[in-house]
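This is what each chain is made of:
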Amino acid sequence: MTCSRNGLYGAAYKIIFLSLLGQCSAIADEKNFLNYFDSSLALSIEAAVDENTMQKTELIIMPEINVDLSNANRLTAIARLRADAQENIDPNNQTEGELHEFYWETSISRTLLTLGKQQIVWGKADGLKVLDVVNPQDYREFILDEFSHSRIPIWSLNAELPIGDSTLQFIWLPDQTYHKFAKSNGLYAFTSSNIIPKPPPGAQLERKGLDEPGNRLTDSDVGFRYSTFMNGWDLTLNYLYHYVDTPVLFRQLITTNEGLKISISPSYERSHLVGGTFSNAFGELTLRGEVGYSFKRYVSTNDSKDTDGVIQTDELAYVLGLDWYGISNSLLSVQLFQSHLLEGDRNLIQDKTDTTITALMKREFMNDTLSSELLWLHNLNADDGLLRPKITYNVNDEIKWWFGLDVFYGDSNGLFGQFNEQDRIVSGIEITI
Amino acid sequence: MKLSLKAYLLSSLIFTPFVMANDLPTGAEIAEKINARDDGISVSRLLTMELIDRRGKKRVRETRGFRKYYDDEKRTVIHYLKPRNVKRTAFMTFDYPQAKRDDDQWLYLPALRKVRRISASDRGDYFLGTDYTYEDIKKENKVSVEDYHRKTLRKELLDGFPVFVVESTPINNEIAKELGYSKVVRWVDEKIWMIRKSEFWDVQGNPLKTTYSKDIRKVQGIWTAHRLEAENKKTGHKTIFIFSDVDYKKEVSDDLFTERALRRGL
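Residues numbered from 1 in each chain as written. Chains lettered and ligands numbered in written order. Predicted model: local features only at pLDDT ≥ 70, side-chain atom pairs only at ≥ 80, totals over all residues. Heavy atoms only, no water.

K.L.:
Just to check I follow, could you spell out the pattern of salt bridges for this structure?
P.N.:
Where side chains of opposite charge bring their charged atoms close, a pairing between them can arise. Residue and element names in this part refer to chain A. Tallying each qualifying case throughout the model produces 62 salt bridges over all chains. Between aspartate 323 and arginine 288 there is a salt bridge, with its nearest N and O atoms 2.9 Å apart. Of this pair, aspartate 323 sits in strand E17 (residues 310-324) while arginine 288 sits in strand E16 (residues 285-300); the two residues are 35 residues apart in sequence, bridging distant segments of the chain. Just as aspartate 323 is buried, arginine 288 falls in that class too. (Salt bridge = Lys/Arg side-chain N within 4 Å of Asp/Glu carboxyl O. Helix = DSSP H or I, 4+ residues; strand = E, 2+ residues; numbered from the N terminus. Buried < 20%, exposed > 50% of the residue type's maximum accessible area, 1.4 Å probe, protein only.)

Listed below in structure tokens is the structure:
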């Protein structure tokens, strides 16, 4: 997939560099190029250990360069080099290097343009995704990695046009990169039967090649967001026509002389997502939420009579969040997430209505040099969840140290419970220069 | 003649203090003067924040801030430029003149890549690791008229400048809790109506912090404090704000006070 996109990447590089050429020559005439140039480096080492295994000893180096070409033009490049001394989380991919983000920000009149490999973040929810689906996600470590690290930047055009006090955003995403999941031999590979349909005992399983969209123009994603501020409310209306980043597992049952054979044909399929967000503050409380309606999503079924093993259904999902700032330098945040499939009763592998609640307690100490937090996610359907206590200490502006626990609980068929054996202690240090 | 001179001198000695006390402006009048001080329609400035703990360990942040009035509504935005661990953090507030209307505040956290709406009632919380509260940052050497009862204590010299000393107490316990202060005493310059020094007591009545406005000089005809200092008496932590490149005439675009500008940064 990476090789097939080289042409697109090359074209994007060329467009950005040619556009910048004029700006660069203007800068060369100025007295000191360094005035426009800013670079930094973040180096982090994180170790995670569970009862039996050193899950990871990971080194991440992220150099960043910002070049201010003029008041209205800036180039940002962030590389990412990762090396894991352990082979438990991603056994086949212990080292990797990439140009993580590379984008050019400019403005034409009042319209802001960002062109390049970037993250586009929608939504108001923390840690739960309804509208924050523009960029795919790296689930190699489930959801334990910070979203800003695990959200996969993609090549895209992002234009934000002011309309009065409001903003109309247009996004175009020709980059066909999708979620990355842990390999089957990785510690965080999905095993829950509520996610991966299980073949009947004795059946042969055949997995066909992944059917990926191939045309960068006709298969590109496109979206709009209208944002406004009205009577104290931050409001957005969102629309995204996209390929859902999780493949649909089309199933075929074949009776052979050796018995039942199940053929799985994974394929990415399109969906329309319409939704909106809101937020406002009321005294010590902030109310925020987002809602998304997806048309014709595919959901796997265990119904053996179903011809392709999937049904099509619309899905309504929403998150309601309340943040309470009643205690000094503290935040208590609770969220309710619910998704509801509007059709399909035939042995769906997941519940028609799925409900998750989250709670985050956070407090800053010592002029924000010491931070403590407890994040709790609990799924009401499977009665499983995840607890994440963490303390972070900023030794100084350059050095940050953290220590935390990731504690899963619940049944092995739950989204969180499937990792019940992976409870771990995590500690790390980050140095920025 | 001698008698009448003695009587005049005596009466002067007896009555002068009363006359002086009567001549002192009221706390409300002083607050009005402070808030009426010209601070421009808009301003652009660099702000270097030095955060120093009790052991002398210093953290330094460089920021660029903008402020603009829309009639009586004040909009402020601060973008963090350095160091990397806070770079692109941005804070924006809309301060409304109506006493009953809550201000609107937003914080952009680059780690989340999201603009977060934050409650304006957290105004007693300390602003991003400094010794100034969100309310202090928002008010910028001005004062909240509706939150305090005020009385003028005396007139004296502070560092050679004649100042009025004004004691302010929150109008009720709820406001005191919100602000984090049970009492504030301010030393207000009688000529330029700038607060030169403030002492704060916490809600339990213990001494909390002292703040100073220093290096006060005119920029484009507007009195401007170029150095603010705060020392927390409980923690020993200090904050020093150093303003530079202050420009009241530079055009400050309305687009700076939007969520998209907060996300994009400078």
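Read on, since the account is not over.
K.L.:
Sorry if this is basic, but what is going on with the interface of chain B and chain A here?
P.N.:
Put simply, an interface is often sized by how much accessible area is lost when its parts join up. Of the residues lining the interface, 42 residues belong to chain B; the matching set on chain A comes to 64 residues. Summed over both partners, the interface of chain B with chain A buries about 3,900 Å², with 36% contributed by carbon and sulfur atoms. Summed over the three residues of chain B that lose the most area to chain A, namely Arg84, Arg117 and Arg264 of chain B, the buried surface amounts to 21% of that side. The tally of links from chain B across to chain A stands at eleven salt bridges. Across the salt bridge formed by aspartate 234 of chain A and arginine 117 of chain B, the nearest N and O atoms sit 2.7 Å from each other. Where chain B meets chain A, there are 35 residue pairs in polar contact (both at pLDDT 80 or more). It is strand E6 (residues 114-118) of chain B that contributes the most residues to the side of chain B that touches chain A, five residues altogether. Classifying every residue of the side of chain B that touches chain A by side-chain character gives 13 nonpolar, seven polar and 22 charged. (Contact = heavy atoms within 4.5 Å. Buried area = accessible area lost by both parts, 1.4 Å probe. Polar contact = N/O pair within 3.5 Å; in protein donor to acceptor, adjacent residues only side chain to side chain. Nonpolar A, V, L, I, M, F, W, Y, C, P; charged D, E, K, R; others polar.)

K.L.:
So what exactly am I meant to see when it comes to the pairing of strand E21 (residues 384-394) of chain A here?
P.N.:
A regular strand places its side chains so that they alternate between the two faces of the sheet. Residue and element names in this part refer to chain A. In terms of strand pairing, strand E20 (residues 370-379) meets E21 through ten bridges, oriented antiparallel. Bridge assignment links glutamate 373 to a residue of E21, and that residue is lysine 390. Bridge analysis of E21 against strand E22 (residues 399-409) gives eight bridges, and the strand direction is antiparallel. By the bridge assignment for E22, asparagine 394 is matched with lysine 400. Linking E21 to E22, which pair antiparallel, is a turn of four residues. (Pairing = 2+ DSSP bridges.)

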